[in-house]
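# What the coordinates show
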Amino acid sequence: MPAGIVRVRRMSRVVVVGGGFGGTATAARLAKLGHRVTVVERRGRLGGAVGFVERDGFRWDAGPTATALPAVLRDLFRKSGRPLERELELVPVDPLREHRFPDGTRLALPSGGRAGQLDAVEAALGGRLGRVWVDYVHGFAETWDLLRRSYLEHPWSREHADPRAVATLRSRASLQREAARVLPDERLRELALFPARLDGQDPRRTPAWAGMVAYVEQSFGLWTVPGGLGALAAAMGRRLAERRVDVLLGTAVRDLRLRAGRVVGVDTDAGPLDAEEVVCAVDPATLPALARHARRSTPAPPPSVSHLGLVGDVPGLAAEVVLHGDPMLVVRTGGRAPEGAAAWTVLARGAVAEDVVATLARRGIDVRGRVEVRVDRAPLAQTQALAGSPYGVLWRGRGTVDRKLAGPPYDGLHLAGAHAAAGAGLPFVGLSAAVVAARIGPA
Ligand SMILES: Cc1cc2nc3c(=O)[nH]c(=O)nc-3n(C[C@H](O)[C@H](O)[C@H](O)COP(=O)(O)OP(=O)(O)OC[C@H]3O[C@@H](n4cnc5c(N)ncnc54)[C@H](O)[C@@H]3O)c2cc1C
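A short tour of the structure in this document, coming up. (Residues numbered from 1 in each chain as written. Predicted model: local features only at pLDDT ≥ 70, side-chain atom pairs only at ≥ 80, totals over all residues. Heavy atoms only, no water.)

### Examining the overall build of the protein chain
Regarding its fold elements, the protein chain presents 15 helices and 20 strands. Computed over its C-alpha atoms, the radius of gyration of the protein chain comes to 21 Å, within 12% of the 22 Å expected for a compact globule of 443 residues. Dimensions of the protein chain along its principal axes, counting C-alpha atoms only, are 60 × 50 × 40 Å. Partitioning the intrachain contacts of the protein chain with sequence separation of at least 6 by distance along the chain shows that 70% fall at a separation of at least 24. If you sum the accessible surface of the protein chain, you get close to 18,500 Å²; carbon and sulfur atoms cover 49% of it. Considering the protein chain, the positive charge centre built from 61 side chains and the negative charge centre built from 46 side chains are found 6 Å apart. (Helix = DSSP H or I, 4+ residues; strand = E, 2+ residues; numbered from the N terminus. Rg over C-alpha atoms; globule rule 2.2 N^0.38 Å. Contact = heavy atoms within 4.5 Å. Areas by Shrake-Rupley, 256 points an atom, 1.4 Å probe, with all protein chains shown as cover. Lys, Arg positive; Asp, Glu negative; His and termini not counted. Charge placed at Lys NZ, Arg CZ, Asp CG, Glu CD.)

### Some remarks on the pairing of strand β18 (residues 342–349)
Within β18, 8 of the 8 residues are buried, which leaves the element mostly enclosed by the surrounding structure. Two strands pair when backbone bridges link them, and strand β15 (residues 304–310) and β18 are joined in this way by 7 bridges, in the antiparallel orientation. Opposite L310, over in β18, you have A342 as the bridge partner. The antiparallel pairing of strand β17 (residues 328–335) with β18 creates a hairpin that spans 6 residues between the two strands, and G340 there sits at a positive phi of about 80°. (Buried < 20%, exposed > 50% of the residue type's maximum accessible area, 1.4 Å probe, protein only. Pairing = 2+ DSSP bridges.)

### Let's talk about the site of the ligand
Near the ligand there are 35 residues, and of these E41, A49, A66, P390 and A418 occur at the shortest range. One nitrogen or oxygen atom from the side chain of E41 is found 2.7 Å from an oxygen atom belonging to the ligand. One of the backbone N or O atoms of A49 is found 2.8 Å from an oxygen atom in the ligand. Contributions of two or more residues to the shell around the ligand are made by α1 (21–32), α13 (379–386) and α15 (426–440). Grouping the constituent residues of the shell around the ligand by class yields 20 nonpolar, 11 polar and 4 charged. When residues of the shell around the ligand are assigned to domains, at least three fall in each of domain 1 (13–51 + 68–88 + 229–300 + 389–440) and domain 3 (304–384). (Near = heavy atom within 4 Å. Polar contact = N/O pair within 3.5 Å; in protein donor to acceptor, adjacent residues only side chain to side chain. Nonpolar A, V, L, I, M, F, W, Y, C, P; charged D, E, K, R; others polar. Domains from an automatic or database assignment.)

### With respect to the pairing of strand β7 (residues 97–100)
Alternating positions in β7 separate into two faces, R97 and H99 on one and E98 and R100 on the other, with burial throughout. One ladder, built from 4 bridges, connects β7 with strand β8 (residues 106–109); its direction is antiparallel. Bridging from a neighbouring strand, H99 pairs with L107 of β8. In this structure, the hairpin formed by β7 and β8 is closed by a connection of 5 residues, where G104 is found at a positive phi of approximately 95°. When β7 meets strand β16 (residues 320–323), the two strands line up parallel, connected through 3 bridges. Its bridge partner lying in β16, R100 is registered against L323.

Have a look at this one:
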């Protein structure tokens, strides 16, 4: 049996704490493996950060609008019942996004391979920068392959991991240092650091290997669901119903129940629940029994989010436009709107000193006077609504990696979701669910 796998050779009662994408993905997999699964979710709906915000005929994705690595979703749906195609239509996003730099340069970065990105970067930034960029991205091919096999897709075991994967994870190299070393152009460095910055990370303390996101996006593209990726929340709910997972909505887990160093269930605000296996798919720092183990972790804050319902003459933009600078703004244009209107979401990272619509106008996207409906969601309001950050923890160098690799502190406990995963976002969170299912194994 591969190292790190706890074979549970009988049907177990499993309680999954948290009904976000991490919790629901783990629950669906475990139910298909024959376990009796209960998901406990404190809010009135499943999905966590995934879902919709609706107002006055406008509808915006509350959280994710696109996902890299569609294989993670496909594998989840195939391994928990019917294939994804029977539930959701997944379509490619191309270009991945348009980058607008403070010097006025614009770069629409295409999906689907090196050649397209080489040409686009060459045309937009000039010189030999296209070659420099694709070489930088391709430098992560081996990292991706190593970490995928040793860490992302399998329960971690230092003894059995490829020593090169161990060395990669133990490296002190930061993403910022690596980008500065390899990329001679400020705009390319902005491009390289963008995914970490969007996730609320400080690139100086983010491990260099996290740069492999650029490789994953280039190789496998970004994918979305027409009408909004928020539809994934309802699809997960249907999958749990099909697999006869018990879902307790509006019920918060207060703490783990422990006996002799082993988890034997959870205490909820509706009473105790017994379980042989418990999956924590929330911020562990919020559960008293885990608070000590998570005390050196700091949540990565969500961005400021403004959902805009726009009417009248609105500029046509790519699905995602990144306005580099401070604050960095990310405009996502794919919301659903009444005829003749548009639904945009603006994410802001950094020093937000004025209204985001005014900043947009200063940066060349002027929708002042066009905003008919607006919903603002401050970072604190988001973490309060979800009782934790959907972006997981802040990278603080090598210590953060060590803590993530250390695994759960009690027998019978498993960790999934953004706080346990190698990073935030649906691909990493979905992979963390697959790893927990592999650890517990079939009934
Ligand atoms: C604005 C925004 C945009 C994003 N854009 C993208 C994107 O484009 N692509 C992408 O891949 N990712 C994106 N992400 C990140 C992605 O959404 C998250 O990383 C992922 O959904 C996290 O899933 P999770 O299950 O770990 O956590 P969550 O979604 O936070 O779910 C945790 C759940 O647990 C519940 N809970 C918490 N405590 C308890 C308790 N004690 N008892 C019971 N229930 C509890 C919460 O109510 C919540 O439902 C975005 C996130 C945000 C906020």
